[in-house]
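Close look at the chain arrangement
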Amino acid sequence: MIVSVDTCNLEDALNAYNRLSELKDRYLDLEVLCVTIGAIVEVKPDAKGQTQERLRKKAITLMAQQCIKHGNEPKVWELAALLAPTSLNRAQKLVKAVNAYTTKELEWASKQPYALKVIQVCQQACELSLEATKEHAPEETDVMITSQLNSARLAAQAVLRATAKVNEKWPENEEALTVLKAQLESLTTTVKERMNAS
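Keep in mind that what you see is a predicted model, and the values were worked out from it rather than measured. (Residues numbered from 1 in each chain as written. Predicted model: local features only at pLDDT ≥ 70, side-chain atom pairs only at ≥ 80, totals over all residues. Heavy atoms only, no water.)

Helix and strand counts for the protein chain stand at nine helices and zero strands. The order of helices and strands in the protein chain, counted from the N terminus, is α-α-α-α-α-α-α-α-α. With respect to the principal axes defined by its C-alpha atoms, the protein chain has extents near 50 × 45 × 30 Å. In the protein chain, the share of contacts with a sequence separation of at least 24, taken over all contacts with a separation of at least 6, comes to 65%. About 10700 Å² of surface is accessible on the protein chain, with carbon and sulfur atoms providing 54% of the total. Considering the protein chain, the positive charge centre built from 25 side chains and the negative charge centre built from 26 side chains are found 4 Å apart. (Helix = DSSP H or I, 4+ residues; strand = E, 2+ residues; numbered from the N terminus. Contact = heavy atoms within 4.5 Å. Areas by Shrake-Rupley, 256 points an atom, 1.4 Å probe, with all protein chains shown as cover. Lys, Arg positive; Asp, Glu negative; His and termini not counted. Charge placed at Lys NZ, Arg CZ, Asp CG, Glu CD.)

In C-alpha cells, the structure reads:
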C-alpha cells in the first residue's frame, strides 16, 4: 500500500487499503487516506498518466466504510466531505467532523490551533449549508435542507458558546469567530424564513 502511494499507483493503494480494513477491524492510516483522497479530489494523474476521477466511486465507498468504523475520527469525516457530490452532503459530513473534533478533545476551546481548526470546519459546514439552499440535487428535499441548516446552526452555537467561556483571546481565532457569528445570523434568518414559508 505504501509503495503504491509513493509510486502514485492509487488504484492499487485503494485496493490494498480495502484488504487491510478487512483483515484488521480497526485499521486506520490517515496519512495514506489524505494522500490518496487528495490526489483523487485534485484530479492528479497517476503513474500511468490517467486522472484519478475514475477512482472517485471506489474512494467514496471506502470512505463510507471508514466513517462507519471510525465515526469519532474528525479527519475521516473531512476526507469523506471532500468526495461528497453536493454542498448538502459535504455540509452534513463537516457537521459530523465538528462534533468529532469537540468530543475527541474535551478542552478543545482552550487550545489555540485546535480551536481554530474546529471554528474553520464549522465555518465550512455553515457556508455549504447555506449554499445548499440555492443549489442542490433534485433528490435533496426542502425538509433535508432545512434540517441541515438547523444542524449547522446548532453546531455554530455550540462552538461560539464554548469559545466564549475561554479567557484567552487569540487574534486569529477572534477573526474566524466574527465570520462564524455572521454565518450563524444568516442561518437563523434562513431557517425562520423557511419555517414560515412552509
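Here we come to unusual backbone geometry. The phi angle at Cys8 is positive, at roughly 65°, despite the residue not being glycine. If you trace the backbone, Cys8 turns up in the loop between helix H1 (2-6) and helix H2 (10-23). Given a relative accessible area of 26%, Cys8 falls into the partly exposed group. (Buried < 20%, exposed > 50% of the residue type's maximum accessible area, 1.4 Å probe, protein only.)

The subject of this paragraph is helix H5 (residues 74-83). Burial of H5 is extensive: eight of the 10 residues sit out of reach of the surface. On its buried face, H5 is in contact with helix H3 (30-41), helix H4 (56-69), helix H6 (87-104) and helix H7 (112-134).

Looking now at the pattern of salt bridges. One pass over the full model with this rule turns up six salt bridges. With a closest N to O distance of 3.1 Å, Glu73 and Lys104 form a salt bridge. You can see Glu73 sitting in the loop between H4 and H5 and its partner Lys104 sitting in helix H6, a full 31 residues away along the chain. (Salt bridge = Lys/Arg side-chain N within 4 Å of Asp/Glu carboxyl O.)

Next up on the list: the packing of aromatic side chains. Under the counting rule described, the total for this entry stands at two aromatic pairs. Between the aromatic rings of Tyr17 and Tyr27, the centroid separation amounts to 5.3 Å while the plane-to-plane angle is 65°, which identifies the pairing as edge-to-face. With Tyr17 in helix H2 and Tyr27 in the loop between H2 and H3, this residue pair connects regions lying 10 residues apart in the sequence. Each of the two residues, Tyr17 as well as Tyr27, counts as buried. (Phe/Tyr/Trp six-rings, centres within 6.5 Å; stacked < 30°, edge-to-face > 60°.)

The subject of this paragraph is the packing of H3 against H4. Where H3 meets H4, the axes come as close as 10 Å, and the angle between the chain directions of the two elements is 145°. Every pair of crossing elements has a handedness; the one defined by H3 and H4 is left-handed. Contact residues: H3 offers Leu33, Ile37, Ile40 and Val41, while H4 offers Arg56, Ala59, Leu62, Met63 and Gln66. (Axes fitted to C-alpha atoms, helices over the stretch in contact; angles between N-to-C directions. Left-handed = near helix turned anticlockwise from the far one by under 90°.)

On the secondary structure map, Val121 appears in helix H7. Owing to a relative accessible area of 1%, Val121 belongs among the buried residues under this scheme. Note: C-alpha distance between Val121 and Ala162 (41 residues apart in sequence) is 15 Å. Discounting chain neighbours no more than four positions away, the residues touching Val121 are Glu78, Leu94, Ala97, Val98 and Tyr101.

Turning our eyes to something else, we now look at the side chain of Glu140. Mapping Glu140 onto the fold places it in the loop between H7 and helix H8 (142-164). No salt bridge is formed by the buried Glu140; its nearest oppositely charged neighbour, Arg90, is found at 8.9 Å. Here Glu140 is in contact with Thr86, Leu88, Asn89 and Ile145, once residues within four sequence places are set aside.

Here the focus is the nonpolar core. Tyr17, Met63, Cys122, Cys126, Val159 and Leu180 are the most contacted members of the largest nonpolar core, which has 58 residues in total. The element contributing the most residues to this core is H7, with 11 residues. With residues near it in sequence (within four places) discarded, Cys126 still touches Ala152, Ala156, Leu180, Gln183 and Leu187. (Core = buried A, V, L, I, M, F, W, Y, C linked by side-chain atoms within 4.5 Å.)

Where H5 contacts H6, the two axes come as close as 8 Å, and the packing angle between them is 170°. When the axis of H5 is compared with that of H6, the two are roughly antiparallel. For the crossing formed where H5 meets H6, the hand is left-handed. In contact with Pro74, Trp77, Glu78, Ala80 and Ala81 of H5, H6 contributes Arg90, Lys93, Leu94, Lys96, Ala97, Ala100, Tyr101 and Lys104. Here the residues of the contact of H5 with H6 sort into eight nonpolar, no polar and five charged. (Parallel < 35°, antiparallel > 145°, perpendicular 65-115°, else oblique. Nonpolar A, V, L, I, M, F, W, Y, C, P; charged D, E, K, R; others polar.)

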